Amino acid sequence: MSRFERKILFAIGISVFLALGGAVFLARGALREVYSVGVNERFGTELVHGVEARRGQLLALRSSTEQAADAVQWAVEAEMARQRGSQRITPMLQELLERYVFVRGIRVTTVDDAVIASVSRPVDPRAEPMRVTTRDRTASAGERRVHIAVEVAVPEVYFERLQEAGAAADVYSRLQRRSASVSDVYVWVFGVLVFLVIVVAFLIGAILSRRVTKRVAALAEASRKVGAGDLSVSLPSSATDEITELTEAFNDMVRDLRDSRTRIAYLQRIGAWQDFARRLAHEIKNPLTPIQLAAQEMDETYDGGDEDYQRKLQSARAIIEEEVATLRRLVGEFSAFAKLPEADLAPADLGEVVHAIETSVPAMLEDVGRGTPVPVEVEVSPATESIRVRMDPMMLKRGLDNLVRNAIQAVHETQPDGGGRVFVRAYKARNSAFVEVRDNGVGVAEEDWDRVFDPYYTTRPEGTGLGLAIVKKVVLEHGGEVRVDRAPEGGARFCIELPLLESR
Amino acid sequence: MRRWLIALVLLTSAVVYAQAHLPARDMRIAWDRGAPKVSFSAKDLADERVRRELSGGLRKRLVVHVSSHFKGSNHALAHRTFGCAVTRDLWEDGYLVRIGTKSMRFKTVEQVLDHCLVVEGLFVGEPKNYERNKGKDIYFFVRAEFNPISQKQCRELIRPSGGSDAVGPITVSIVRRRICQAERDIEFRSEFLKVPQ
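Within each chain, residues carry numbers counting from 1 in the order of the written sequence. By the order in which they are written, chains take letters starting at A while ligands take numbers starting at 1. Local features in this predicted model are restricted to residues of pLDDT 70 or higher, and side-chain atom pairs are both shown and tallied only at a pLDDT of 80 or more, whereas totals for entire chains, interfaces and linings draw on every residue. With hydrogens and water set aside, each side-chain value is computed from the structure's full complement of heavy atoms.

1. Brief notes about the overall build of chain A
Here is step 1: Elements are defined by DSSP. Helices are runs of H or I of four residues or more, strands are runs of E of two residues or more, and each kind is numbered from the N terminus. Each helix and strand in chain A was counted, giving 10 helices and 11 strands.
Here is step 2: Across the 504 residues that make up chain A, the buried fraction comes to 37%.
Here is step 3: Looking at chain A alone, contacts between residues at least 24 apart form 71% of all its contacts between residues at least 6 apart.
Here is step 4: Note that accessible areas follow from Shrake-Rupley with a 1.4 Å probe, and for residues the cover is restricted to the protein chains shown. Surface exposure of chain A reaches about 28,600 Å², of which carbon and sulfur atoms provide 55%. Exposure categories follow from relative accessible area, calculated using a 1.4 Å probe and restricted to protein chains: below 20% of the type maximum is buried, above 50% is exposed, and the middle band is partly exposed. Two residues form a contact once any of their heavy atoms are found within 4.5 Å.

2. Considerations on the overall build of chain B
Here is step 1: Of regular secondary structure, chain B possesses six helices and 10 strands.
Here is step 2: Counting across all 197 residues of chain B, residues that qualify as buried make up 41%.
Here is step 3: When contacts within chain B are restricted to residue pairs at least 6 apart in sequence, those whose partners lie at least 24 apart make up 71%.
Here is step 4: If you sum the accessible surface of chain B, you get close to 11,100 Å²; carbon and sulfur atoms cover 53% of it.

3. Description of the state of the cysteines
Residues and elements named next belong to chain B.
Here is step 1: For the purposes of this analysis, a disulfide is any pair of cysteine sulfur atoms at a distance within 2.5 Å. Inspection of the entire model under this criterion finds one disulfide over all chains.
Here is step 2: The disulfide bridge from C84 ends at C116, spanning 2.2 Å between sulfur atoms. Taking the torsion about the sulfur-sulfur bond, which here is approximately -110°, the covalent link between C84 and C116 counts as left-handed. In this pair, C84 sits in strand β4 (residues 76-88) while C116 sits in helix α3 (residues 109-117), placing the two residues 32 residues apart along the sequence.
Here is step 3: Of the residues examined, C84 reaches a relative accessible area of 2% and is grouped as buried.

4. Digging into the pattern of salt bridges
Here is step 1: For salt bridges, the criterion is a side-chain nitrogen of Lys or Arg within 4 Å of an Asp or Glu carboxyl oxygen. In the structure shown here, the tally under the stated rule is 52 salt bridges over all chains.
Here is step 2: With its nearest N and O atoms 3.4 Å apart, the salt bridge here joins D184 of chain A to R28 of chain A. With a gap of 156 residues between them, D184 of chain A in helix α5 (residues 179-227) and R28 of chain A in helix α1 (residues 3-38) connect regions that are remote in the sequence.
Here is step 3: Close ionic contact of R421 of chain A with E379 of chain A constitutes a salt bridge, the shortest N to O distance being 3.4 Å. Within this pair, whereas R421 of chain A is found in strand β8 (residues 420-429), its partner E379 of chain A is found in strand β6 (residues 376-381), the two being separated by 42 residues in sequence.
Here is step 4: Put simply, R62, E66, D70, R135 and R137 of chain A together with D93 of chain B are held in one network by salt bridges that share partners.

5. Focus: the interface of chain B and chain A
Here is step 1: Opposite the 28 residues of chain B that make contact, chain A presents 30 residues.
Here is step 2: Put simply, buried area is the surface a 1.4 Å probe can reach on two separate parts but cannot reach once they are joined, added for both. Between chain B and chain A the total buried area reaches about 2,600 Å² when both faces are included, carbon and sulfur atoms providing 65% of it.
Here is step 3: Summed over the shared surface of chain B and chain A, the result is three salt bridges.
Here is step 4: A salt bridge links D89 of chain B to R131 of chain A; its shortest N-O distance comes to 3.2 Å.
Here is step 5: Here a polar contact means two N or O atoms within 3.5 Å. Within protein one must be a hydrogen donor candidate and the other an acceptor candidate, and residues neighboring in sequence count only if both atoms are side-chain atoms. Our count for the chain B to chain A interface comes out at 14 residue pairs in polar contact (both at pLDDT 80 or more).

6. Points about unusual backbone geometry
All names here are of chain B.
Here is step 1: Positive phi, normally seen in glycine, also occurs at R33, with a value near 50°.
Here is step 2: With respect to the secondary-structure elements, R33 resides in the loop between β1 (28-32) and β2 (35-41).
Here is step 3: Under the relative-accessibility criterion, R33 is labelled exposed at 71%.
Here is step 4: We note that N147 has phi near 55°; this positive angle belongs to a residue other than glycine.

7. So, a nonpolar patch on the surface
All names here are of chain A.
Here is step 1: Patches here: salt-bridge-free residues with over 30% relative accessible area, like charges joined within 9 Å, nonpolar side chains (Val, Leu, Ile, Met, Phe, Trp, Tyr) joined within 5 Å. A contiguous nonpolar patch, built from F17, W188, V192, F195 and L196 and spanning about 520 Å² of accessible area, is present on the exposed surface.
Here is step 2: The greatest single-element share of the nonpolar patch, amounting to four residues, is contributed by α5.
Here is step 3: Relative to the elements of secondary structure, F17 occurs in helix α1.
Here is step 4: On the basis of relative accessibility, which here comes to 36%, the residue F17 falls in the partly exposed class.

8. Some details on the sheet that holds strand β2 (residues 115-120) of chain A
All names here are of chain A.
Here is step 1: The four strands lie next to each other as β2-β1-β4-β3, forming an open sheet whose pairing is antiparallel. At either end of the open sheet lies a strand with only one pairing partner, and these are β2 and β3 (130-141). Taking each pair of neighbouring strands and ignoring which way they run, the sheet shows an average axis angle of 15°.
Here is step 2: For two strands to be treated as a pair, DSSP must find at least two bridges joining them. Strand direction decides the pairing type here: β3 and strand β4 (residues 144-155), joined by 12 bridges, are antiparallel. Residue R135 lies in a different strand from β4, and its bridge partner there is V150.
Here is step 3: Contacts from helix α2 (residues 41-81) reach β1 (103-110), β3 and β4, with the element oriented near 30° to β3.
Here is step 4: Seen against the sheet, helix α4 (residues 156-177) touches β3 and β4 and runs at an angle of roughly 55° to β4. Between N-to-C directions, angles cover 0 to 180 degrees, with each direction set by a line fitted to C-alpha atoms, over the stretch in contact for helices.

9. What about the sheet that holds strand β10 (residues 481-486) of chain A?
All names here are of chain A.
Here is step 1: Sheet architecture is open: five strands sit in the order β6-β8-β9-β11-β10, paired in mixed fashion. Sheet topology places β6 and β10 at the edges, where each strand pairs with a single neighbour. Across the sheet, the mean angle from the axis of one strand to that of its neighbour is 15°, orientation sign disregarded.
Here is step 2: Looking at chain direction, β10 and strand β11 (residues 492-499) are connected through six bridges and run antiparallel. Along β11, the bridge assignment pairs V484 with F494.
Here is step 3: Docked against the sheet, helix α8 (residues 350-368) engages β6, β8, β9 (432-439) and β11, running at close to 165° with respect to β6.

By themselves, these observations are geometric and do not establish any function.
Rendered as structure tokens:
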């Protein structure tokens, strides 16, 4: 994990855990407050009072039923004291039954369990469940003793409600006793859940930040490689953010560095070849005149009569003069290559250079045909708009001359009887200016595309291999590129790319 | 591996320490056809407050858990629970004791305690729980509780709100465990004994 990544994760961690700490602190206070409002002593006391009231109600009911049983006992004793029979007791019991609503039935029996009188209420089977209890009493008058069974009934729900109220009060009092503990549980659960959410958020943050830090780390690594001299580095840039902009800028910088290094290396190589060409021209040029003069003198001063020898001398003189002429031409070309000046760049219109080429085409055709124009059709397409570049028009024209001349020679060699065509055009595209020279000759083999611009590399017997090297040198000095590939017509296509003035 | 061993040693030490500090009480254990029958009294659970609450007319529970364990282990070989729901009858004098589906009446709280907290010949487990452990040291653990709120009642009384948040249900389940535990409890164990051959 890089330091940058650690710092990002630390920042995320600090942010989220500070939020967690704050949330837990605030939640703790808020929950305690809320809990103390909801579960407070007064409600608990009232609940306990409610339970006591229900208990008191039941005890009062019980007392009432006991009193009703006592009342029945006294009434029966009074009737027994008056020596009245059972026929008089029954209506009195009926009256008591009507008076006490909890009394469900009264039965008066002798000690031998013989029924003296019995009354009861009708039982409704649909009525709520009742708890039925018998209150037993004994009535006596003199020697007579009777047993009285008073059946009392109260709704079962009274007992159930007491139990329910008791259970609720019990739980409430426990909740009240443990109020701090309960609110702490809420805070803990809340804290743990928020912590889990934060952990997930942290992980997502880490994953997302890793995407950024990874790219920054890749940039750092790539910078180290570039520093070590590896200019083949290129970083992917698919997103649309500042890091992508930085990556693209880095890629551009590396590409520019790579191009500059290639350009500088090529120009240094060309410089070395120019130096070599200058020395070669000098060393060859000096003995040429004495050689030619010596040959002429040998031929002209021979005064012997040997005609056969005379012919040999003339033939040798002609060969020497021809080879000297060839060497002079080579020396001239070497000299021109060696003296090639550096481009002096200034803003100008590329279309004018192309137009100048058009005017020099007839001379080129004649020159290639050594006095007779060769049957090659050269089509120069003028630019439809101004193409402003920084250039040295004379040097650039010289380079273009070489390209057009090469093309004419190439198509003439393959089609000496006509049919050869050369196309020249200038145009703007992708913030660059282009000049394209293509032909319908045999073209350049693909394996030679990189080598054709090397000095002294040529495929023609009469070529010096300097023309395309000059072109490349001129174009590189203009900050551009020259490439060769296959033309749609089947021949070669040379394309010069120069930076547009407005794109700089 | 080393960490696991250390954790195991620490756990075993904690269990042994806890067992050593658990009060031992004289319990009668008789083996009947390969299964132990234990007899003991946990009446000391009923202090003055417990007796007062039992007489209050509200339903209270007396629960006794008995379990058998290997010496030095918390793993239960067998477990038995015995519980009474005691209600003082305010309508008629006496106490109504419900054990499972059976109901009994007692005149005094003392009789209730004798019935619910004095255990006589309670089978703890079946012969199959012990037959593979003959000759091994075991002990019986007793936990007597006064008025733990039953899980059912606890669920009915302490319920999460109907919201869809995660805090409520989790918190309520923790609170339930704390709130509905016994108001008073005692724990003790028997002396160590060997499973008979």
